[in-house]
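Fold and geometry: a report
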Amino acid sequence: MEYQYPIDQDWSTEEIVDVIKYFESIEMAYEKGIEREQFMNAYRRFKEIVPGKAQEKNICDEFEEQSGYSSYRTVKLAKERSAGDKVRMQK
């Protein structure tokens, strides 16, 4: 797929890399599945960078609009799963 990840120009290079890793983990959940802990680690780091709900919603909505992948639904499913489970989304 050809699209750009939503990033904030105020983020450091490390923060941009970590946010991209989070979006890649969502893609992986849709495409082949991802270990719950791996996904939750990426999500926790994302929340350190984007702590506000409004900013999170804006960034994730922009990502979903471009990719078709829902951050909200992926996080919701991951939270429902147990440690050791895989998170696999249906499109």
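For the protein, an unreviewed UniProt entry supplies the name UPF0223 protein DFO70_103106 and the organism Cytobacillus firmus. As its UniProt record puts it under Sequence similarities (unreviewed entry), the protein is described as follows: "Belongs to the UPF0223 family."

1. Regarding the environment of Ala42
Position of Ala42 among the secondary structure elements: in helix H2 (residues 36-49). When the C-alpha positions of Ala42 and Tyr22 are compared, they lie 5.0 Å apart, and in sequence the two are 20 residues distant. Each residue touching Ala42, except ones within four places of it in the same chain, is listed here: Tyr22 and Ser25.

2. Looking at the packing of helix H1 (residues 13-31) against helix H4 (residues 71-80)
With their axes 10 Å apart at the nearest point, H1 and H4 run at an angle of 75° to one another. Our classification of the angle between H1 and H4 gives roughly perpendicular. On the side of H1, the interface is formed by Tyr22, Ile26, Ala29 and Tyr30, while H4 contributes Ser71, Arg73, Thr74 and Val75.

3. Let's talk about the side chain of Ser70
Counting through the fold element by element, Ser70 comes out in the loop between helix H3 (53-67) and H4. On the basis of relative accessibility, which here comes to 4%, the residue Ser70 falls in the buried class. When neighbours within four sequence positions are excluded, Ser70 is seen to be in contact with Ile26, Tyr30 and Glu64.

4. Side note on the layout of surface pockets
Estimates place the volume of the largest pocket at around 250 Å³. Forming the boundary of the largest pocket are Tyr43, Lys53, Glu56, Lys57, Cys60, Asp61, Glu64, Ser71, Tyr72, Val75, Lys76 and Lys79. Looking at the lining of the largest pocket, the elements that each hand over two or more residues are H3 and H4. It is H3 that provides the largest number of residues to the lining of the largest pocket, a total of six residues. Of the residues that constitute the lining of the largest pocket, the class distribution is four nonpolar, one polar and seven charged.

5. Description of the packing of aromatic side chains
Inspection of the entire model under this criterion finds eleven aromatic pairs. Plain terms: the ring middles of Tyr22 and Tyr43 are 5.8 Å apart, the flat faces sit at 45° to each other, and that makes the pair tilted. Of the two residues, Tyr22 sits in helix H1 while Tyr43 sits in helix H2, which places them 21 residues apart along the sequence. Each member of the pair Tyr22 and Tyr43 is classed as buried. Both rings, one in Tyr22 and one in Phe46, keep their centres 4.3 Å apart while their planes meet at 20°; by these two values the pair is stacked. Placement of the pair is Tyr22 in helix H1 and Phe46 in helix H2, with a sequence separation of 24 residues. Across this residue pair, the class does not change: Tyr22 and Phe46 are buried.

Cut-offs and rules
- Residue positions are given per chain, counted from 1 along the sequence in the order it is written.
- In view of the model being predicted, local features appear only for residues whose pLDDT reaches at least 70, and side-chain atom pairs are presented and counted only at 80 or more, with totals across whole chains, interfaces and linings using the full set of residues.
- Derived side-chain values reflect all non-hydrogen atoms in the structure, with water molecules and hydrogen atoms excluded from consideration.
- UniProt positions are given in the numbering used here, feature names are shortened, and annotations may be inferred rather than shown by experiment.
- Going along the chain from the N terminus, every DSSP run of H or I of four or more residues is numbered as a helix, and every run of E of two or more is numbered as a strand.
- Any pair of residues with heavy atoms lying within 4.5 Å of one another is described as a contacting pair.
- Lines fitted to the C-alpha atoms define the axes, with helices restricted to the stretch that makes contact. Angles between their N-to-C directions range from 0 to 180 degrees.
- Angles below 35 degrees are treated as roughly parallel, those above 145 as roughly antiparallel, those between 65 and 115 as roughly perpendicular, and all remaining angles as oblique.
- Between buried and exposed lies partly exposed: a residue is buried under 20% and exposed over 50% of the maximum accessible area for its type, with that area taken using a 1.4 Å probe on protein chains only.
- In this analysis the probe radius is 1.4 Å and the grid spacing 1 Å, with only protein atoms considered; a cavity is a set of points the probe fits into but cannot get out of, a pocket is an open set with protein on both sides within 12 Å along at least five of seven lines, and lining residues have an atom within 4 Å of a point.
- Grid points are joined across faces, edges and corners, and a volume is the space filled by probe spheres set on the points.
- When residues are sorted by character, Ala, Val, Leu, Ile, Met, Phe, Trp, Tyr, Cys and Pro go into the nonpolar class, Asp, Glu, Lys and Arg into the charged class, and all the rest, Gly among them, into the polar class.
- Classification of ring pairs rests on two measures: the distance between centres of Phe, Tyr or Trp rings, Trp counted by its six-membered ring, which must be within 6.5 Å, and the angle between planes, read as stacked under 30 degrees, edge-to-face over 60 and tilted in between.

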